[in-house]
Structures are given as C-alpha cells and as structure tokens.
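Close look at the chain arrangement
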Amino acid sequence: MTNLLQINSSIFSSGGHSSLLANEFVDKWRTRNPNAQVTVRDLANDPLPHLDAARVSAYFTPSGARTPEQQVYVDESDALITELKEADVIVIGLPMYNFGIPSTLKAYFDRIARAGETFRYTENGPEGLLEGKEVYIFAARGGKYAGTSLDTETAYMRDFLGFIGITAVEFIYAEGLNMGDAAKDLAVAEAQKRLAELVV
C-alpha cells in the first residue's frame, strides 16, 4: 500500500494558502490512488516544542541508561520518524515567514534529524537513510522571491531533505499573494495548474 504523509506548517492551519494548495493536491492524489493511506500532520494544531538540551541529551543517551523522562522524548521522536519512514510520498505546505521556514517546521525537522535513524556518519561524510521518497512542496509567499537571494527556503529545504536521503523534491510556488487580488489570483491559478500536472 502506498502511504502519503502531508505536513502543513501554516500558522493558519488548513486555512493558509500553502495548506489549501497542499490539500488540493492530496485530494486529487487520493482520487488517483484510492487505496492509499494518507496521514496529515498539522503543525499549527499539533505543534512540537522547540528543541532543547533535555531532548538532545535524551537522543544521545543509550537506551538502557535513559530516565523515564528521556524515554518520553525519544518515543516522541521515534513516532515521527516511523511516520516519515513509512511514507512513500510527502507533501509539505510551506509558507514563508520573515524570509524563512515556519519555526514549527524547524522544530519538526529537529525531531527527525537523528543519527542512526534518518542519517548516519561515514568515513566519507553523512549519508541519508530515507531514500526512495517523493516530496512535493507548496511554497506560498506574500512577495516574489523565487530565484533571488531572499529565497532562503528553497535551498534550505533541498539541503535538509537531501541530508536525510530525500532528493526527489518538487517545488510548486504561489508568489505575490499580498501584491493585490490580480497577482494573487494569477499565482494561485498557476500553482493549481502545476499541481494538477504533478498528480500521479
């Protein structure tokens, strides 16, 4: 069975532009893949605490030496990693906030980037362990930044996902959403056209 994991990171939950586009893609994808399993993780409704020293220490403590509190932190991370490992397709709703990714998404990434689980260090450097997955990122921005030095998101997302072994990454941009109704309508229409082309 094919598994799809949808991660929405808009502070407006399912009402954000990035979430709406991601939802539309997933709805169309479900139609083409009626027997697939879809899991939705909404980081606005179910946010993760930001990484702290206690959690990092728990991750690096051998299993037999962990305190009960440390085990809770590790179990939290393990559940997210299992969810990610089981996904064949990953859909991410990605707004841009102050030229960067939402802090809730960074908190999620900090939970899943664990040596021995999603990557490992070798004599040739780090090696990602989550190969063979497809990622579709719906990047919604108030201004127009793609292809400029102000677009820090695209490179970061490719770098992070590549670090854990995911290299099949497709970006669908909806830009200029705060630049007037005409620009917004055009951006959404173009993104909808592109997502329809990508549904398989």
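In this report, the structure presented in the accompanying data block is examined.

Turning our eyes to something else, we now look at empty space enclosed by the protein. Within this structure, the stated rule accounts for one cavity of 30 Å³ or more. There is about 50 Å³ of room inside the largest cavity. If you go around the largest cavity, the residues you meet are Ile7, Leu84, Ile90, Ile92, Tyr108, Phe109, Ile112, Leu161, Ile164 and Ile166. Looking at the lining of the largest cavity, the elements that each hand over two or more residues are β3 (89-95) and α4 (103-112).

Ranked by internal contacts, the top residues of the largest apolar core, which has 28 residues, are Ile92, Leu105, Tyr108, Ile112, Ile137 and Met157. Among the elements of the structure, β1 (3-8), α3 (68-86), β3, α4, β6 (134-140), α5 (152-163) and β7 (168-174) are those that each provide at least two residues to this core. For this core, the element with the most residues is α4, which contributes five residues. The contacts of Ile92, once residues within four sequence positions are left out, are Ile7, Leu105, Val135, Tyr136, Ile137, Phe138 and Met157.

In this section: the packing of helix α2 (residues 53-60) against α3. Orientation of α2 relative to α3, taken along the N-to-C sense of each, is 80 degrees, at an axis distance of 8 Å. Taken together, α2 and α3 sit at an angle that is classed as roughly perpendicular. Contacts from Ala54, Arg55, Ser57, Ala58 and Tyr59 of α2 reach α3 at Gln70, Tyr73, Val74, Glu76 and Ser77. Residues of the contact of α2 with α3, tallied by class, amount to five nonpolar, three polar and two charged.

Here is what the cut-offs are and how they apply
- Residues numbered from 1 in each chain as written.
- Predicted model: local features only at pLDDT ≥ 70, side-chain atom pairs only at ≥ 80, totals over all residues.
- Heavy atoms only, no water.
- 1 Å grid on protein atoms, 1.4 Å probe; cavity = no way out; pocket = protein on both sides within 12 Å on 5 of 7 lines; lining within 4 Å.
- Points joined across faces, edges and corners; volume = space filled by probe spheres on them.
- Helix = DSSP H or I, 4+ residues; strand = E, 2+ residues; numbered from the N terminus.
- Core = buried A, V, L, I, M, F, W, Y, C linked by side-chain atoms within 4.5 Å.
- Buried < 20%, exposed > 50% of the residue type's maximum accessible area, 1.4 Å probe, protein only.
- Contact = heavy atoms within 4.5 Å.
- Axes fitted to C-alpha atoms, helices over the stretch in contact; angles between N-to-C directions.
- Parallel < 35°, antiparallel > 145°, perpendicular 65-115°, else oblique.
- Nonpolar A, V, L, I, M, F, W, Y, C, P; charged D, E, K, R; others polar.

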